[in-house]
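Analysis of the macromolecular model
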Amino acid sequence: MTTVLDWNRVYLKYNPFADTPPRQPEEAVWAGLPRLKEQFETLFVQALATPATQVVLNWGAWGSGKTHAAVYFGLTERLLPLAQAPRARDVCPVYIRTPKEPARADEILYRDIIEALRFSNLRKFVRNLIAEYGQEKALRLLQERTSSEPLGKAVWLLGVEPQKRGGQLALLGEEPVQEWHYLLESYFFSTCNKRDLKELGLSRGIDSAQDRFRVLGALLQCAIGFAPVEDINRHTRIILWIDELEDLIYFQSRQYRPFTQGLRDLIDRLPNYLTLLMNFTLAAPEAFEDAMVVIGDALKSRITHRIYFQPPTPEEAYEYVADLLRQYRSEDPVSKGLPATYPFTEDALQALIEAMPPLNRTPRDLNKGCSQAISQALLMGVITAPGEGMITPEFVAEFVKTQLDLDLG
Amino acid sequence: MKPLCVVDTCSLIYLSEIELAKRSLHRWLFDEFEVVYSQLVWENEIQAHFDQMGSDGARLRQRNAGAQRVWEMASANQYEQALFNSFSRIEQVGQCDKCRQPIWREREVKIDLASDRDKGERHNCGVALDAVRGGKHRQVIFLTDDHNAIRQYVQPIFETFPLGCVWSSYDFVLYLFMRHRTRMIPDEIKVVFRDITAKAVKESDMKPKTKEIWTQRVGAYSRKVERVNQVISRLP
């Protein structure tokens, strides 16, 4: 039998202590940890106000909030207001995970980025380019960018809407044709045949890892814009977040090389207006050099910033929980003469945090501990009605004995 | 006479189909050492995993070549009984109430000798003891990458019985570098470490903590190879 807990009894809209990161950026809230937030905000201010490409390594223990940060900062409306004009005209956040199939890693990375960008957006970026530079110059720019006539033309075709005439697709009119889009999308996913190539007017497909990263570089450049580098407000900043980079440990050298060298080439092809953030799970601060070995020299040499998700101090952990409670309140307990940390007394919350060993005090551990303590108090009838009953240090001591030993120890 | 190397199936799998200085690691292993394993390891484990060893597995299978490496001993079960029937090892017995650090203590453990789990390691421990006790080999190298089995069985035995040393596949590759440094460079060795690791982690139950342990292993051995290189390059 499952029991639905009424979080309103503790003046909360619902359980604020989630086990997993939110799926949508709109759902994400930032609680406490002001130092960490400031590090990211400083990074993004720099990203919006200056052209240089940034390559950021985020590292910390499992549950330290790396994925949460990626989701939280994956919202344009959250990023753009960070910097005053002159700043980039827009940001384009892209979140992907390290491919789980090492044998096809470069292919999957390419596919995931394109799918995250969406073809409808890519078509818009290339159309804007053509509108700005005209068809011929846009084609030339893309062919230069990809160092290939057919690959550059394929990107250019994304911005050219065809019209069906007498059964043939012609690149003249304005009416979008679904069939044409489908054909072109198949080209980018290397699933078209020779007849399709002929219909598209392209002499070859996207055949190698190098091709894929060249095409990706050109597509991202279309999103960024081709204006002179110093015209910051005529560019879009790409924020590419790659999660779970520790999974590179699954890659054999023959799989790892094309992947990391491809990423390095992408960084080198986009020396401006790209922010690449890589999340790497590693708890022990002294093991940082080990992470560098797994990441490898190709990427290591390109890293410009490092952000360490260090375990919160007891004070930071207290502020984190208090802030999270504050953001999910249905009613303010202070106005009813209760502590701001309700259903915990202040001492009880401190006791719960101090019972956690420093390395097991990540936001995920704190969420788990608080969620279980409140759930248990509700289930055991310690809190019977809103404002009636509280989690005391004695309750926490008993809870720690029975629960934390098993779950958090 | 070559040193005796008692090898476990997982190491044979992890070392398979990887080349170093244009030779397969299997060939290096069989050239450098007198490689042996127990009858049980050969029959129940190695033969069941030929496919995972690719061409190296095919070579072991060819004309039953792998059978030639079985260590001849009359009473493998008797060795297992004697070594593990009354057996103690250091185990976590609790957690400190204050600092929550694990508390370790040596204690007697009951091993289910009928269980197939880790039976290969237990029989290979018997091989190591028989080899040294018989007088033909003074010491052995016990090669295994099953870190759980090392902790549970191999290390407690080697701590009590001075039979030699326990190596992982990384140790073996590091040894090759130390011995044949003129034929290899540190970066090649690091590539081999990566390839061994990729095979090992594919086999494991990869909790985040386990992934971290492997990350730290690769890092530690990459530093060791640099250190070996640094020292040997200073020698005449």
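Conventions adopted
- Residues numbered from 1 in each chain as written.
- Chains lettered and ligands numbered in written order.
- Predicted model: local features only at pLDDT ≥ 70, side-chain atom pairs only at ≥ 80, totals over all residues.
- Helix = DSSP H or I, 4+ residues; strand = E, 2+ residues; numbered from the N terminus.
- Rg over C-alpha atoms; globule rule 2.2 N^0.38 Å.
- Buried ≥ 20, exposed ≤ 12 C-beta atoms within 10 Å, placed from the backbone.
- Contact = placed C-beta atoms within 7 Å.
- Nonpolar A, V, L, I, M, F, W, Y, C, P; charged D, E, K, R; others polar.
- Pairing = 2+ DSSP bridges.
- Right-handed = clockwise from strand over helix to strand, strands pointing away.
- Domains from an automatic or database assignment.
- Axes fitted to C-alpha atoms, helices over the stretch in contact; angles between N-to-C directions.
- Parallel < 35°, antiparallel > 145°, perpendicular 65-115°, else oblique.
- Left-handed = near helix turned anticlockwise from the far one by under 90°.
- Core = buried A, V, L, I, M, F, W, Y, C linked by C-beta atoms within 7 Å.

1. Let's talk about the overall build of chain B
Looking only at helices and strands, chain B has 10 helices and eight strands in total. Whereas a compact globule of 236 residues would reach a radius of gyration of roughly 18 Å, chain B reaches 19 Å, a difference of no more than 12%. Dimensions of chain B, computed from C-alpha atoms along their principal axes, come out at roughly 55 × 50 × 35 Å. Per-residue burial over chain B gives 40% buried out of 236 residues. Across chain B, every contact between residues at least 6 apart in sequence was considered, and the portion connecting residues at least 24 apart equals 71%.

2. Here's the deal with the interface of chain A and chain B
The partner chain B presents 19 residues to the 20 residues of chain A that form the contact. Within the residue set of the side of chain A that touches chain B, elements represented by two or more residues are helix H11 (253-269) and helix H12 (288-295) of chain A. Tallied by class, residues from the side of chain A that touches chain B come to 12 nonpolar, four polar and four charged.

3. With respect to the pairing of strand S5 (residues 236-243) of chain A
All names here are of chain A. Burial runs high along S5: seven of the eight residues are buried. Where S5 and strand S6 (residues 274-281) come together, five bridges link them in parallel fashion. Bridging from a neighbouring strand, Ile-238 pairs with Leu-274 of S6. Once the chain exits S5 it traverses H11 before rejoining the sheet at S6, and the crossover so formed is right-handed.

4. Structural notes on the domain arrangement of chain B
Residues and elements named next belong to chain B. For chain B, the domain assignment lists domain 1 (1-85 + 115-167) and domain 2 (169-236). Measuring from the centre of the C-alpha atoms in domain 1 to the corresponding centre in domain 2 gives 21 Å. Contacts between the two partners involve 12 residues from domain 1, matched on the other side by 13 residues from domain 2. Mapped by element, the contributors of at least two residues to the side of domain 1 that touches domain 2 are helix H1 (9-15) and helix H2 (25-32). With four residues, the top contributor of residues to the side of domain 1 that touches domain 2 is H1. Partitioning the side of domain 1 that touches domain 2 into residue classes produces 10 nonpolar, one polar and one charged.

5. Thoughts on the packing of helix H7 (residues 149-157) of chain A against helix H10 (residues 209-224) of chain A
Residues and elements named next belong to chain A. The contact between H7 and H10 brings their axes to 10 Å, and the two run at 40°. On the basis of their axis angle, the class for H7 and H10 is oblique. Pair H7 / H10 crosses with right-handed handedness. For the pair formed by H7 and H10, the contact residues are Leu-151, Gly-152 and Val-155 on the first element and Asp-211, Arg-214, Val-215, Ala-218, Leu-219 and Cys-222 on the second. Here the residues of the contact of H7 with H10 are counted per class, giving six nonpolar, one polar and two charged.

6. Regarding the sheet that holds strand S2 (residues 90-97) of chain A
Residues and elements named next belong to chain A. Taken in spatial order, the five strands line up as S2-S5-S6-S1-S7 in an open sheet, and their pairing is parallel. Either end of the sheet is taken by a strand with one partner, and the two such strands are S2 and strand S7 (305-309). In this sheet, adjacent strand axes meet at a mean angle of 15° when their direction is disregarded.

7. What about the packing of helix H4 (residues 105-117) of chain A against H11 of chain A?
If you want to describe how two helices pack, look at the angle between their axes and the distance between the axes. All names here are of chain A. The contact between H4 and H11 brings their axes to 8 Å, and the two run at 35°. Residues Ala-105, Asp-106 and Leu-109 of H4 touch H11, and the partners they reach there are Gln-255, Pro-258, Phe-259 and Gly-262. Looking at the contact of H4 with H11 residue by residue, the class counts come to four nonpolar, two polar and one charged.

8. Overview of the sheet that holds strand S7 (residues 140-143) of chain B
Residue and element names in this part refer to chain B. As summarised here, the arrangement of the four strands in space is S4-S1-S7-S8, forming an open sheet in which the pairing is parallel. The open sheet terminates on both sides in strands that have one partner only, identified here as strand S4 (34-36) and strand S8 (164-167). On average, each strand axis in the sheet is tilted by 25° relative to the strand beside it, whichever way the strands run. Sheet topology places strand S1 (residues 4-7) next to S7; four bridges connect them, and they run parallel. Among the inter-strand pairings, Val-7 is bridged to a residue of S7, identified as Leu-143.

9. A closer look at the nonpolar core
Among the nonpolar cores identified, the biggest contains 175 residues, and Val-155 and Leu-219 of chain A together with Val-6 of chain B are the most heavily contacted of them. Contacts of Val-155 of chain A, omitting those with residues within four sequence positions, involve Val-126, Leu-142, Thr-146, Val-215, Ala-218, Leu-219 and Cys-222 of chain A.

10. With respect to the domain arrangement of chain A
All names here are of chain A. Each assigned domain of chain A is listed with its residue range as follows: domain 1 (7-17 + 312-407) and domain 2 (34-309). In this assembly, five residues from domain 1 lie in contact with five residues from domain 2. Residue classes in the side of domain 1 that touches domain 2 are distributed as two nonpolar, one polar and two charged.

11. Concerning helix H3 (residues 39-46) of chain B
Turning to H3 of chain B, its buried residues number three or more, namely Leu-40, Val-41, Trp-42, Glu-45 and Ile-46 of chain B. In this fold, the buried residues of H3 of chain B make contact with H1, helix H4 (54-61), helix H5 (76-84) and helix H6 (119-133) of chain B.

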